[in-house]
Amino acid sequence: MAFFYHHLLIFTLCILYVESADPSAQLCNENSNTTTTELTRNINSLLPKLVQATSQLGYSATSFGYGRTQVFGLAQCRGDVSSQDCSSCIQEAANEIRKMCPNRIDARIWYEYCFLRYNNENFIGQLDTGYGTFYYNVQNVTDPEKFNEGLGALMYRISSLAAVAGSKGLGKGQTKLTPFSTLYGLVQCTRDLSELSCRQCLAIAIGNLPTYCDNKKGCRVIYSSCYVRYELYPFFFPLDSEAAHKSLSMANYKSIVTKT
C-alpha cells in the first residue's frame, strides 16, 4: 500500500508518532511515570497474558502485579478480522510497543487490525478521547450534500449497532449513494466501555468528522476508546481484498494528530 502522509503534531509532554505503514499511530506519554525494574518486570509479564487472551477472544483487559507497581493493560482486535490476523497483529503490537516506549509506563499502539495499551493507572472502563489521530483522503467528493446525507445516516445506524449489548462494540455497514457508488463504514468501541460511554465516544469521533474530514472521500478517527472509519470502497471483512488493495493504493491521505 502506497500511502503518503504529512504530519501535524499537537502535543504537550508526550510523543506521538504516526507512520505511513503499520502501526497507524503510537503514543509514549512523556508525562507518565518512568519504569522501574519491578514495573518493567510486570509489563513483560502482562504483555504475554494480553497476547494469549486477545488471540483467542479478540479482546483482553487485565493487570499484573500489586500496589504501586501494578500494571493495567488492554488489547483488542478489530471485530471483523480473522483470528489469525488478530493474533498476528497483537503479537506485533506487543513486540513493537516495548521498542517504541521502553522507559515510560503509559504506552499505546494502534494498528489497522488491533490496539494495545498499558499503564500503571487503572484506565479500564474509562472513556478516553484525549489523544486523537485523524486520517483523511485529500480528494473531495463531487456531490457533498448527497454524500454527507448518506454518511450521517450510515454513521447513526452503525454507531447504534456498536453500542448495544452483544455487539462487542462493533458496528459496520454500507449504503448506496448512487447506482455506481457505495459508502462503507465501520465503528468500534473498546469492550471495557459501558453502552453509554461507547455512545459518547462515537459521538465525539463522528462529531469531529466535519472538522477534520469535511467532504473527504475517506476518513479514519482513532481514539484510545473508539475507532471510526468510512471509505468509498470495501475495507472491512468479508471483502474482495484485491479490489480493496487497488483502491487503497490509489488513495492519498494526510493525518492530523491532536491532544486535549
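What counts, and at which threshold
For every chain, the first residue of the written sequence is number 1, and numbering continues from 1 onward in sequence order. For a predicted model such as this one, the threshold for reporting local features is a pLDDT of at least 70, and the threshold for listing and counting side-chain atom pairs is 80 or more; totals across whole chains, interfaces and linings nevertheless cover every residue. To obtain the side-chain values, all non-hydrogen atoms of the structure were included, while hydrogens and water were left out. UniProt positions are given in the numbering used here, feature names are shortened, and annotations may be inferred rather than shown by experiment. Under the DSSP-based scheme used, a helix requires at least four consecutive residues in state H or I and a strand at least two consecutive residues in state E, with every element numbered from the N terminus. Here the axes come from fitting lines to C-alpha atoms, over the contacting stretch only for helices, and the angles between their N-to-C directions go from 0 to 180 degrees. Note on terminology: angles under 35 degrees are roughly parallel, angles over 145 are roughly antiparallel, angles of 65 to 115 are roughly perpendicular, and the others are oblique. What makes two residues a contact is simply this: any of their non-hydrogen atoms within 4.5 Å. Any residue that is not Ala, Val, Leu, Ile, Met, Phe, Trp, Tyr, Cys, Pro, Asp, Glu, Lys or Arg is counted as polar, Gly included; the first ten are nonpolar and the last four charged. Our working definition of a disulfide is a cysteine sulfur pair at a distance within 2.5 Å. Buried, partly exposed and exposed residues are distinguished by accessible area as a fraction of the type maximum, computed with a 1.4 Å probe on protein chains only: under 20%, between the cut-offs, and over 50%, respectively. Here the expected span of a helix is defined as 1.5 Å times the quantity of residues minus one.

An unreviewed UniProt entry lists the protein chain under the name Gnk2-homologous domain-containing protein, with Cynara cardunculus var. scolymus given as the organism. The heading Subcellular location (unreviewed entry) in the UniProt record of the protein chain holds the text "Secreted".

K.L.:
Account for unusual backbone geometry, naming residues and giving values.
P.N.:
Backbone torsion omega between Phe-237 and Pro-238 reads 0°, so that peptide bond is classified as cis. Take Pro-238: it is sitting in the loop between β12 (226-231) and α6 (241-249). In the Ramachandran plot, Asn-215 falls in the positive-phi region, its phi being about 65° despite a non-glycine side chain. Residue placement: Asn-215 occurs in the loop between α5 (209-212) and β11 (219-222).

K.L.:
A description of the packing of helix α1 (residues 37-57) against helix α2 (residues 83-100) should follow, citing residues and the corresponding values.
P.N.:
Axis separation between α1 and α2 bottoms out at 9 Å; the angle between their running directions is 170°. Between α1 and α2, the angle is such that the two are roughly antiparallel. Residues Thr-40, Ile-43, Asn-44, Leu-47, Val-51, Thr-54 and Ser-55 of α1 form the contact with α2, whose own contacting residues are Ser-83, Cys-86, Ser-87, Ile-90, Gln-91, Ala-94, Ile-97 and Arg-98. Here the contact of α1 with α2 is composed, by residue class, of 7 nonpolar, 7 polar and 1 charged.

K.L.:
Describe the state of the cysteines, naming the residues involved and giving the relevant values.
P.N.:
Tallying each qualifying case throughout the model produces 6 disulfides. Sulfur-sulfur distance for the disulfide between Cys-77 and Cys-86 comes to 2.1 Å. Taking the torsion about the S-S bond as the criterion, the Cys-77 to Cys-86 disulfide, at about 85°, is right-handed. On the accessibility criterion, Cys-86 (3% relative accessible area) is buried. Through a disulfide, Cys-189 is tied to Cys-198; the S-S separation comes to 2.1 Å.

K.L.:
Can you tell me about α1, naming the residues and giving the values?
P.N.:
The first and last C-alpha atoms of α1 sit 31 Å apart over 21 residues, in line with the 30 Å expected at 1.5 Å per residue. For α1, the set of buried residues is Leu-39, Asn-42, Ile-43, Leu-46, Leu-47, Leu-50, Val-51, Ala-53, Thr-54 and Ser-55. If you follow the buried residues of α1, they end up packed against β4 (59-64), β5 (71-77), α2 and β7 (114-119). A positive backbone phi angle near 85° is found at Gly-58, which sits one or two residues after α1.

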